[in-house]
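If you want the building blocks of each chain, they are given just below.
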Amino acid sequence: MTDTSPGQIALIVVLGLVLLFVIVALVRAVRIVPQAVAVIVERLGRYNRTLDAGLHLLIPFVDRVRASVDLREQVVSFPPQPVITSDNLVVSIDTVIYFQVTSPKDAVYEIANYITGIEQLTVTTLRNVIGSMDLEQTLTSRDQINGQLRGVLDEATGKWGIRVNRVELKAIDPPASVQGSMEQQMRAERDRRAAILTAEGVKQSQILTAEGEKQSAILRAEGDAQSAILRAEGEARAILQVFDAVHRGDADPKLLAYQYLQTLPKIASSPSNKMWFLPAELSGALGWLSKGFTGHGDGGGDEYVTRPAGSSPLGAEDLPPASLTDPGEALAEARRESAAATADATSAGTLAGAPFDPTVERGQRPGVDRPSPSAAATPEPSTGQQPEPPTAGS
């Protein structure tokens, strides 16, 4: 094994240093810039150019990378800041800033730390804006505060190569004592609204109830009136028809006297009756009975006047025409009245508190806005002759 001379050793060291220098130079000369990042390059301490995304070659030991700037939109949340309102209340406001670097050169050379600059500018602007508002306006004017902050920050940071996109207030925290007062105030306001709504509901309910009772009373009164009128008409018609039938049947005094005697025992038919009253006209009835069997009276008073058989003291014009409604028409009218009443109740429930409209019940009044029922034909008088009453002595 030969010994290495000092000259060879020095040559190896020099070759190694040259190789190392070449490697370092290559590393410093090649620069890969990622997407959404801008690289500021200085040549001999002076700004040279801004590198975009991609592969770039630099002059080793002449060009130097000063800074890498992120071009994406950034979100910075600042700690809560105490701010005094115009009514001397200290509120704690937490803000969030959304900004983006538009000029990497200005962001590097115009300000030392743009994050700190934005934070301090936000704090001072926020105090100026909140200082002109009271607590109530501060809590209800978030959009207005955000707009003013964004306008001031965007104008101030424009020369830094930064665009402020949005400014948001995350939280506005008043003092604990003020929060308690606000909660009591809101609770009292809710109680007041609840009381008003309850009173309004009771009022509407009473109005609807009174309106329903009014309409019910009106309809009931109209029904009772119509029922009484129809009942009276029916009774009058029945009396006249019975009277006409009696005379047309030529009932003689014997039949009338016999029926009268048959009715008298019914007076004392009740077991509780202890006395039997004889009517004053009993003697007259007995006289008519004797006339019926003998054909003549006792010689005193008016004699029995006979009327031709089949004749009646009533004429055809004395009997009013029957006005009974057809059952089908009566059922249809009842259904129409029921539907009208349902629609009226629904309308009254929908239009709570509206004054009563008389036209609503027009269709429910009998005889109004309805087709007149067909009048039944007046019964023709019987033309058949009744057998003549037996004469006395037959």
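Remember, predicted model here, so these are calculated numbers, not experimental data.

Quick look at the overall build of the chain
Next, step 1: Helix and strand counts for the chain stand at nine helices and nine strands.
Next, step 2: By sequence separation, contacts in the chain at least 24 residues apart represent 67% of the contacts at least 6 residues apart.
Next, step 3: Summed over all atoms, the accessible surface of the chain reaches about 26,300 Å², with 59% contributed by carbon and sulfur.

Re the environment of I84
Next, step 1: Take I84: it is sitting in strand β7 (residues 81-84).
Next, step 2: On the basis of relative accessible area, I84 is assigned to the exposed category, the value being 52%.
Next, step 3: Considered as a pair, I84 and G131 are 47 residues apart in the sequence and their alpha carbons are 6.0 Å apart.
Next, step 4: For I84, the residues in contact, after removing those within four places along its chain, are L89, V90, I130 and G131.

Observations regarding the pattern of salt bridges
Next, step 1: Considering all chains together, one arrives at eight salt bridges under this definition.
Next, step 2: Between D70 and R72 there is a salt bridge, and its shortest N-O distance comes to 2.8 Å.
Next, step 3: Under the relative-accessibility criterion, R72 is labelled exposed at 53%.
Next, step 4: We note a salt bridge from E189 to R192, for which the minimum N-O separation is 2.5 Å.

Considerations on the nonpolar core
Next, step 1: Judged by nonpolar contacts, the single largest core of 31 residues is most densely connected at I93, I97, F99, L126 and I145.
Next, step 2: Only β8 (90-101), α2 (104-109), α3 (114-130), α5 (142-157) and β9 (162-173) provide two or more residues apiece to this core.
Next, step 3: No other element matches α3, which puts six residues into this core.
Next, step 4: Discounting chain neighbours no more than four positions away, the residues touching I145 are L126, V129, I130, M133, T138 and L169.
Next, step 5: Core analysis: the second largest hydrophobic core is formed by six residues, V33, V39, V41 and L51 among them.

Observations concerning the packing of α3 against α5
Next, step 1: Two elements in contact, α3 and α5, have axes separated by 10 Å at closest approach and are oriented at 140 degrees. With respect to their mutual orientation, α3 and α5 come out oblique. Regarding α3 and α5, the two cross each other, and that crossing is right-handed. When α3 is examined against α5, the residues I118, L121, T122, T125, L126, V129 and I130 are found in contact with a partner set consisting of I145, Q148, L149, V152, L153, A156 and T157.

Some words on α3
Next, step 1: If you check α3, its first and last C-alpha atoms are 24 Å apart, about what 17 residues at 1.5 Å a residue would give, namely 24 Å.
Next, step 2: Y114, G117, I118, L121, T122, V123, T125, L126, V129 and I130 are the residues of α3 that are buried.
Next, step 3: Its side-chain oxygen at 3.2 Å from the backbone nitrogen of I115, N113 defines the N-terminal cap of α3.

Some points on the pairing of strand β3 (residues 46-51)
Next, step 1: Relative to β3, strand β2 (residues 37-43) is paired through five bridges, and the arrangement is antiparallel. Note on β3: the bridge partner recorded for V41 is R49.
Next, step 2: The hairpin turn running from β2 into β3, its antiparallel successor, is two residues long, and L44 in that turn takes a positive phi close to 55 degrees.

Concerning the packing of aromatic side chains
Next, step 1: With the rule as written, the count across this model stands at three aromatic pairs.
Next, step 2: When the ring of Y47 is compared with that of Y109, the centres are 5.8 Å apart and the planes differ by 80 degrees; the resulting orientation is edge-to-face. Of the two residues, Y47 sits in strand β3 while Y109 sits in helix α2, which places them 62 residues apart along the sequence.
Next, step 3: By relative accessible area, Y47 is classed as partly exposed at 28%.
Next, step 4: Pairing F99 with Y114 gives two aromatic rings, centres 6.1 Å apart and planes at 75 degrees, and the pair type is edge-to-face.

Let's talk about a nonpolar patch on the surface
Next, step 1: A cluster of nonpolar side chains, I9, V13, V14, L17, V18, L20, F21, V22, V24, L26 and F61, forms an exposed patch at the surface whose accessible area comes to about 1,000 Å².
Next, step 2: Along the chain, L26 turns up in helix α1 (residues 6-29).

Some details on the environment of V24
Next, step 1: On the secondary structure map, V24 appears in helix α1.
Next, step 2: The spacing of V24 and F61 is 37 residues in sequence and 9.9 Å in space, taken between C-alpha atoms.

Focus on the confidence of the model for the chain
Next, step 1: Residue-level pLDDT values for the chain average 76, and 68% of them are 70 or greater.
Next, step 2: Across the chain, β2 holds the top mean pLDDT of 93, while helix α8 (residues 282-294) sits lowest at 56.
Next, step 3: When the criterion is pLDDT under 50, residues 295-302 qualifies, and its contacts beyond four places in sequence or with other chains add up to eight contacts.
Next, step 4: Below a pLDDT of 50 lies the segment residues 368-394, which in the model reaches 27 contacts outside its immediate sequence neighbourhood of four places, other chains included.

The rules behind each value
Residues numbered from 1 in each chain as written. Predicted model: local features only at pLDDT ≥ 70, side-chain atom pairs only at ≥ 80, totals over all residues. Heavy atoms only, no water. Helix = DSSP H or I, 4+ residues; strand = E, 2+ residues; numbered from the N terminus. Contact = heavy atoms within 4.5 Å. Areas by Shrake-Rupley, 256 points an atom, 1.4 Å probe, with all protein chains shown as cover. Buried < 20%, exposed > 50% of the residue type's maximum accessible area, 1.4 Å probe, protein only. Salt bridge = Lys/Arg side-chain N within 4 Å of Asp/Glu carboxyl O. Core = buried A, V, L, I, M, F, W, Y, C linked by side-chain atoms within 4.5 Å. Axes fitted to C-alpha atoms, helices over the stretch in contact; angles between N-to-C directions. Parallel < 35°, antiparallel > 145°, perpendicular 65-115°, else oblique. Left-handed = near helix turned anticlockwise from the far one by under 90°. Expected span 1.5 Å × (residues − 1). Polar contact = N/O pair within 3.5 Å; in protein donor to acceptor, adjacent residues only side chain to side chain. Pairing = 2+ DSSP bridges. Phe/Tyr/Trp six-rings, centres within 6.5 Å; stacked < 30°, edge-to-face > 60°. Patch = residues over 30% accessible without salt bridge, like charges linked within 9 Å, V, L, I, M, F, W, Y side chains within 5 Å. pLDDT = per-residue confidence, 0-100.

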